[in-house]
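# A look at the structure
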Protein chains: 2
Amino acid sequence: MAAELRERKRLRAELESVMGRKGLRSTSQRRLILDRLFEIGEHFTADDLIADVRQADSTVGSATVYRTLRMLVESGLLQEHRFADHEGTRFELHVGDKHHDHIICMTCGKIREFEEPLIEQLQERVAEQLGFKLQSHTHQLYGYCSDCTPAPSKSRSSRG
Amino acid sequence: MAAELRERKRLRAELESVMGRKGLRSTSQRRLILDRLFEIGEHFTADDLIADVRQADSTVGSATVYRTLRMLVESGLLQEHRFADHEGTRFELHVGDKHHDHIICMTCGKIREFEEPLIEQLQERVAEQLGFKLQSHTHQLYGYCSDCTPAPSKSRSSRG
DNA sequence: TTGGGTGCAAACAGTTTGCAAATTC
DNA sequence: GAATTTGCAAACTGTTTGCACCCAA
C-alpha cells in the first residue's frame, strides 16, 4: 500500500530529526543499515540484518549493526521481540501508536499480526484488579497455520 | 494451602513414574535438585537453582542442573518463561491443566499471576479468524505494582 | 579539530557438549 | 557389567565492550 510507503518516509524523517537532536551522526554505515532495515521490514534478527547489509558492503562490522539496532530501539523506532523460547531477538519497525501482537506458526515459523481491542481492555482491567499501573505487555499466540499440519506428536500446553 | 502440598506430592509421584517409564535414573543429584526446585517453587532462574542446590551440596555441577532442568521441561513438568526483554529464562512448575499468565512490576520485579478466561476465549477466536490452530501462548503484562511508583521518566509503550 | 563512529578482537552471559570417571540398575 | 549420569572444561550463541584509528560536523 502507498500508505505504508508514506509511513516509511515519515519514519525516516522522524529518525533523522531524532538523531539530529541527539547529536548522532549520519554515517554511510548507518544509512546503509537503515536502507536495508526498511527494506526487510519486520521480524528480522540481528543476523538477518548483518547478512543483508554485508551483501551491499562486506566491510560493515557486526558491532556496528548491533550498536545501530540498540540506538534505534532506544529512540523508539524499533521494537524488540523475543518470540518462541529459544530464538534470538527479533526487531520490528514501531509505527506510530498503532499496536499489534503476534501469532506464530510452530511448523513454518510464519508470523501474523493481530489487534484485539477487547483483549487490551481486559488487560487493563486485570492490571487494575491486581493494583498495577499497566505500562506495556507482550502477547504471543503459537499454533499451526492453515498451510501446516500439526507436527505428529508433541502436544503442547499453554505457557503464560 | 494444603491443596498445594498435595499437588506437589502428586507432581513428584508423576515425575518418578515418567522418569521410570523413560528409563531415567534416580540419582542423589536429581533428588536434591528436585527437592530444592519444589522448595523454591516459582519463577526461578537456572542460576537461582544452582546456588540453592550448591548450598546443600557444593559439588553438584551446573551442567547437571541445566540437564535436569531441560529434562523436566521436556517431561512437561516445568515451564520456561522469558519475561522482560533481557532477563534469562525462568522456570515454573507446570501444575495440571491449570493455566495462568503473569504481570510483572517494572520497578521491583515482583511477579503476580492472573487468569482471565475471557482473554483465553478471545485468543481462540483471533487464531481461528487467522486460520491458525491455537496450541499455546505467552502473555505478560508489565507495569508498576501498588508498592512502587512509576520510575520518573521513561514512558513505555506496549510491545506485542 | 574534536567528539562521535567504526572495525576488530576480546570479553561476556547463559547454556550446551565431549569425555573419562563414577554410579545406578 | 552395561548403560546412564556426573563434573569438568571447553565450546558455542548472541551480544557488548575496549581500543586505536577514522570521519562527519
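Here is what the cut-offs are and how they apply
- Residues numbered from 1 in each chain as written.
- Chains lettered and ligands numbered in written order.
- Predicted model: local features only at pLDDT ≥ 70, side-chain atom pairs only at ≥ 80, totals over all residues.
- Heavy atoms only, no water.
- Domains from an automatic or database assignment.
- Buried area = accessible area lost by both parts, 1.4 Å probe.
- Salt bridge = Lys/Arg side-chain N within 4 Å of Asp/Glu carboxyl O.
- Polar contact = N/O pair within 3.5 Å; in protein donor to acceptor, adjacent residues only side chain to side chain.
- Helix = DSSP H or I, 4+ residues; strand = E, 2+ residues; numbered from the N terminus.
- Nonpolar A, V, L, I, M, F, W, Y, C, P; charged D, E, K, R; others polar.
- Contact = heavy atoms within 4.5 Å.
- Pairing = 2+ DSSP bridges.
- Near = heavy atom within 4 Å.
- Buried < 20%, exposed > 50% of the residue type's maximum accessible area, 1.4 Å probe, protein only.
- Least-squares fit on C-alpha atoms with pLDDT ≥ 70 in both.

Here the focus is the domain arrangement of chain A. How big an interface is tends to be stated in terms of accessible area lost as the parts join. All names here are of chain A. We note that the domain assignment places domain 1 (1-95) and domain 2 (99-148) within chain A. Each of domain 1 and domain 2 has a C-alpha centre, and the two are 24 Å apart. A combined buried area of about 570 Å² lies between domain 1 and domain 2, and 58% of that area is made up of carbon and sulfur atoms. Where domain 1 touches domain 2, the interface holds 0 salt bridges. Linking domain 1 with domain 2 are 3 residue pairs in polar contact (both at pLDDT 80 or more). Secondary-structure elements contributing two or more residues to the side of domain 1 that touches domain 2 are strand 1 (42-45) and strand 3 (90-93). Classifying every residue of the side of domain 1 that touches domain 2 gives 2 nonpolar, 2 polar and 4 charged.

Between chain A and chain B, the contact holds 52 residues from the first and 52 residues from the second. Summed over both partners, the interface of chain A with chain B comes to about 4,900 Å²; 55% of that surface belongs to carbon and sulfur atoms. Scanning the region where chain A abuts chain B turns up 12 residue pairs in polar contact (both at pLDDT 80 or more). A total of 12 residues in the side of chain A that touches chain B trace back to one element, the largest contributor, which is strand 6 (residues 133-144) of chain A. In terms of residue class, the side of chain A that touches chain B is made up of 20 nonpolar, 20 polar and 12 charged. Pairing of strand 6 of chain A with strand 6 (residues 133-144) of chain B involves 11 bridges; the strand directions are antiparallel. Looking at strand 6 of chain B, one finds that Ser136(A) is bridged to Tyr142(B).

Right, let's get into the protein's contact with DNA strand C. Around DNA strand C lies a shell of 19 residues, among which Arg25(A), Thr27(A), Arg30(A), Thr64(A) and Arg25(B) are the nearest. Of what DNA strand C places within 4 Å of the protein, 66% of the atoms are sugar or phosphate. The separation between a base oxygen of DNA strand C and a polar side-chain atom of Arg25(B) is 2.7 Å. Here a phosphate oxygen of DNA strand C and a side-chain polar atom of Thr89(B) are 3.1 Å apart. Broken down by secondary-structure element, the contributors of at least two residues to the surface near DNA strand C are helix 2 (28-40) and helix 4 (62-74) of chain A together with helix 4 (62-74) of chain B. No other element matches helix 4 of chain B, which puts 4 residues into the surface near DNA strand C.

All right, on to the environment of Phe91(B) then. Residue and element names in this part refer to chain B. Mapped onto the elements, Phe-91 comes out in strand 3 (residues 90-93). Note on Phe-91: relative accessible area 7%, which makes it buried. When the C-alpha positions of Phe-91 and Arg-36 are compared, they lie 13 Å apart, and in sequence the two are 55 residues distant. If we skip the residues at most four places from it in the chain, Phe-91 touches Glu-42, His-43, Phe-44, Thr-45, Ala-46, Leu-69, Val-73, Leu-78, Gln-79 and Glu-80.

Turning next to the environment of His43(A). Residue and element names in this part refer to chain A. Positionally, His-43 belongs in strand 1. Spatially, the C-alpha atom of His-43 lies 15 Å from that of Arg-70, the residues being 27 residues apart in sequence. Beyond its immediate sequence surroundings of up to four residues, His-43 is in contact with Asp-48, Phe-83, Arg-90, Phe-91, Glu-92, His-102, Ile-111 and Glu-113. In this structure the side chain of His-43 is engaged in a polar contact, spanning 3.0 Å, whose partner is the side chain of His-102.

Laying chain A over chain B is done by rotating through 179° and shifting 0.0 Å along the axis; what remains is an RMSD of 0.2 Å. The relationship between the two copies is best expressed as a two-fold rotation axis. Residue His139(A) of chain A places its C-alpha closer to the rotation axis than any other residue of that unit, at 2.1 Å. An overlap of 100% is found between the interface residues of chain A and their copies at the interface of chain B, pointing to a shared contact surface.

In the vicinity of DNA strand D lie 19 residues, with Arg25(B), Thr27(B), Gln29(B), Arg30(B) and Thr64(B) positioned nearest. Near the protein, within 4 Å, the atoms of DNA strand D are sugar or phosphate in 69% of cases. In this structure, Arg67(A) approaches DNA strand D through a side-chain N or O atom, which is 3.5 Å from a base oxygen. Arg67(B) places a polar side-chain atom, nitrogen or oxygen, 2.9 Å from a base nitrogen of DNA strand D. Secondary-structure elements contributing two or more residues to the surface near DNA strand D are helix 4 of chain A together with helix 2 (28-40) and helix 4 of chain B. For the surface near DNA strand D, the element with the most residues is helix 4 of chain A, which contributes 4 residues. Of the residues in the surface near DNA strand D, the class split is 6 nonpolar, 7 polar and 6 charged.

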